[in-house]
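Residue-level structure breakdown
Chain by chain, the residues:
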Amino acid sequence: MENRRFVKRPPRKEEPDNMIFGTRAVIETIKSGKTIERIFLQKDLKNDLTKELVELLRGSMVTVSKVPVEKLNRLTRKNHQGVVAFVSPIDFVTLHNIVANSYENGLAPLVLILDRVTDVRNFGAICRSAECAGVNGVIIPTKGGAMINSDAVKTSAGALSYLPICKEDSLTHSIKYLKDSGFQIVACTEKTEKKVFDADLSIPTAIIMGSEEDGISEELLNAADEKLMIPIVGQIDSLNVSVAAGVILFESMRQRS
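Described in the following lines is the structure provided in the data block. Counting starts from 1 at the beginning of each chain's written sequence and moves along it residue by residue. Given that the model is predicted, a residue must reach a pLDDT of at least 70 before its local features are reported, and side-chain atom pairs must reach 80 or more before they are shown or counted; all residues, however, enter totals for whole chains, interfaces and linings. By convention in this description, side-chain values take in all heavy atoms of the structure and omit both hydrogens and water.

So, on to the pairing of strand E7 (residues 165–168). The pairing criterion is simple: DSSP has to find at least two bridges between the two strands. Secondary structure elements follow DSSP: runs of H or I no shorter than four residues count as helices, runs of E no shorter than two count as strands, and numbering proceeds from the N terminus. Note that strand E6 (residues 137–141) and E7 share four bridges and pair parallel. The residue of E7 that forms the bridge with Val138 is Ile165. Crossover handedness is defined here as right-handed if the route from the first strand over the helix to the second strand goes clockwise, with the strands pointing away from the viewer. Following the backbone out of E6, through helix H6 (residues 150–155) and into the adjacent parallel E7, one traces a crossover that is right-handed.

The following block contains the structure:
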């Protein structure tokens, strides 16, 4: 009898519960009022349904990435028709509402700006600390930030259900709006000698935290009113961004209380 070798196939990767695909399905999901976190659209895809989808997204806060078909095929093996989307587990708010609601409640607002923080678990942990520290809202870029999915919600320990999240096309424009609204802009960075404990964080403040790889972009650093560092006495010269965010947020809470 012929010997046969049986090769065990790796388990098929399950598609996330919040994934939808197919142009019409994505269009109807948007029309139903559900919040879309991100859409992957096949490059050079041109048909009437695609035009309808693009028009529907015009002026929205949805992140749209134009990608080769191979990227979509890695996301799902099913007939995606060149469109894959992820439904957000949260609803986004406008920056204007965050600022207005904070001042209307008689608070000295505290806002967090995340510049290209891409790790989902870091993002969730930061939001957990932010909610506990009384942050009024978190601002993230439309492109270049972590995807807000079930992992982010889980890591935040549910904080994302309470914490207002705002998506902005330009963090530079957001900073200008915050300055015009009476905020001081603080950059948490090692590129300074001034410690977080030596600054006044009790007034309306927006704190910028930078990416895991290269920190805060030069453009945002230059836009900051204050650059503050967290002193470190050990051999390792940096903190994880979620830990650093917790340190400066709770220093702000200490001053405010």
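Right, let's get into the side chain of Asn149. You can see Asn149 is positioned in the loop between E6 and H6. Between N or O atoms, a polar contact is any pair within 3.5 Å; within protein, one atom must be a potential hydrogen donor and the other a potential acceptor, and residues adjacent in sequence are included only when both atoms are from side chains. A distance of 3.1 Å separates a polar atom in the side chain of Asn149 from the backbone nitrogen of Asp151. Within the local environment of Asn149, its side chain forms a polar contact with the backbone nitrogen of Ala152, the two atoms lying 3.1 Å apart. We call two residues in contact whenever any of their non-hydrogen atoms come within 4.5 Å of each other. If we skip the residues at most four places from it in the chain, Asn149 touches Asn18, Pro89 and Val120.

Another aspect to go through is the packing of helix H4 (residues 95–104) against helix H7 (residues 171–180). Axis angles are defined between N-to-C directions and span 0 to 180 degrees, where every axis is a line fitted to C-alpha atoms and, for a helix, only to the segment in contact. At a minimum axis distance of 11 Å, the contact between H4 and H7 shows a crossing angle of 25°. Considering their axes alone, H4 and H7 lie roughly parallel with respect to each other. Judged by the sense of rotation from one axis to the other, the crossing of H4 with H7 is right-handed. Of the residues in H7, those in contact with Leu95, His96 and Val99 of H4 are Ser174, Tyr177 and Leu178. When its residues are assigned to classes, the contact of H4 with H7 shows four nonpolar, two polar and no charged. Each angle is binned into one of four classes, with values under 35 degrees roughly parallel, values over 145 roughly antiparallel, values of 65 to 115 roughly perpendicular, and all other values oblique. Put simply, a crossing is left-handed when the front helix is turned counterclockwise from the back one by less than a right angle, and right-handed when it is turned clockwise. As a working rule, the residues Ala, Val, Leu, Ile, Met, Phe, Trp, Tyr, Cys and Pro are called nonpolar, Asp, Glu, Lys and Arg charged, and the rest polar, with Gly in that last group.

The analysis is restricted to geometry; functional conclusions fall outside its scope.
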